[in-house]
Amino acid sequence: MTSTVAGVALAAVAVTLQFLTLTPEEKAAPLASTGALREEIATGRYSAKVESVTAATSIEVPDRGKGRLVEGDGVFLIVQASATVPAEPMHLDAEFAAADGRRFLTTDKVEIDDTLAQPWIQPGWWAKGVFVFEVPREAIAGGSVVVTPDRENVLIEPYPPAAVIDLGLDEAAAGELVAKAQNPYKLTRGN
């Protein structure tokens, strides 16, 4: 009995010491499930998949039945994605994580209604749409998309789940993607 109590105490001390060595960023980081382009990444609360990524120098967005041209300072990355949930409906959001550690939120130049962040993801159904990021050209190589529960509509939780999806863009592939950037990319609702 004494050895069991001592073992549990030592385990508790080890876990506490390990937690204390984490940086503040690591302590706030979501629990991540990782994968690659076209793979289904399951987090337990939802599954996400990135089908493709397209670059554009401008985007034509829907605006009252017509298109409105949106331009930016960097390159727009249009990420075709899909998601489903096993039980509880939710909204999802995404960030672009550059290889150097910088994070880019979805651009505010595209309405949320035109992205995968808008619909409720329902159990048993795959919702499809896009996430649109505006990033500097040099940040694309080695980047990944991080899909998380929507920060605005989910209870605050210390370790939200995340699907981290490597886009498979080395320097050459990123250069080719940017060289073939559309001008404009025509975005439609439910793209």
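Up top is the structure.
Quick look at the structure, then. In this text the structure is predicted, and so the values were computed from the model without any measurement. (Residues numbered from 1 in each chain as written. Predicted model: local features only at pLDDT ≥ 70, side-chain atom pairs only at ≥ 80, totals over all residues. Heavy atoms only, no water.)

1. A word on the environment of Pro161
And then number 1: By the secondary structure assignment, Pro161 is in strand E9 (residues 161–166).
And then number 2: Pro161 gets classed as buried once you look at its relative accessible area, which sits at 9%.
And then number 3: On a C-alpha basis, the gap between Pro161 and Val146 in space is 10.0 Å, while along the polypeptide they are 15 residues apart. (Helix = DSSP H or I, 4+ residues; strand = E, 2+ residues; numbered from the N terminus. Buried < 20%, exposed > 50% of the residue type's maximum accessible area, 1.4 Å probe, protein only.)

2. Describing the pairing of strand E8 (residues 144–149)
And then number 1: Of all 6 residues in E8, 6 are buried; the element is thus mostly enclosed.
And then number 2: Bridging between strand E5 (residues 92–97) and E8 involves 6 bridges; their strand directions are antiparallel. Paired with Ala94 across the strands is Val147, a residue of E8.
And then number 3: Pairing analysis gives 4 bridges linking E8 to E9, with the strands arranged antiparallel. Looking at E9, one finds that Ser144 is bridged to Asp166. (Pairing = 2+ DSSP bridges.)

3. Comments concerning the sheet that holds strand E6 (residues 103–105)
And then number 1: Strand order in the open sheet formed by 5 strands is E1-E9-E8-E5-E6, with mixed pairing between adjacent strands. Each edge of the sheet is formed by a strand with only one pairing partner; in this case those strands are strand E1 (31–36) and E6. Adjacent strand axes in the sheet meet at a mean angle of 25 degrees, parallel and antiparallel pairs treated alike.
And then number 2: Pairing geometry for E1 and E9, over 6 bridges, is parallel. Opposite Ser33, over in E9, you have Ala163 as the bridge partner. (Axes fitted to C-alpha atoms, helices over the stretch in contact; angles between N-to-C directions.)

4. Brief notes about the pattern of salt bridges
And then number 1: Taken as a whole and assessed by the stated rule, the structure comprises 5 salt bridges.
And then number 2: The salt bridge involving Lys180 is made with Glu176; its shortest N-O contact spans 3.1 Å.
And then number 3: In this structure Lys180 comes out as exposed when scored by relative accessible area, which is 59%. (Salt bridge = Lys/Arg side-chain N within 4 Å of Asp/Glu carboxyl O.)

5. Notes on the packing of aromatic side chains
Aromatic ring pairs are defined here through the distance separating the ring centres and the angle between the ring planes.
And then number 1: One pass over the full model with this rule turns up 2 aromatic pairs.
And then number 2: Centroid distance Phe96 to Phe104: 6.3 Å. Interplanar angle 45 degrees. Geometry classified as tilted. Across the pair, exposure class does not vary: Phe96 and Phe104 are buried alike.
And then number 3: Taking the centre distance of 6.2 Å and the plane angle of 50 degrees together, the rings of Phe96 and Phe133 count as tilted. Taken together, the positions of Phe96 in strand E5 and Phe133 in strand E7 (residues 127–135) put the pair 37 residues apart, joining distant regions of the chain. For the pair Phe96 and Phe133, a shared accessibility class is recorded, and that class is buried.
And then number 4: Geometry around Trp126 places Lys49 over its ring, the cationic atom sitting 5.6 Å from the centre. (Phe/Tyr/Trp six-rings, centres within 6.5 Å; stacked < 30°, edge-to-face > 60°. Lys NZ or Arg CZ within 6 Å of the ring centre and 35° of its normal.)

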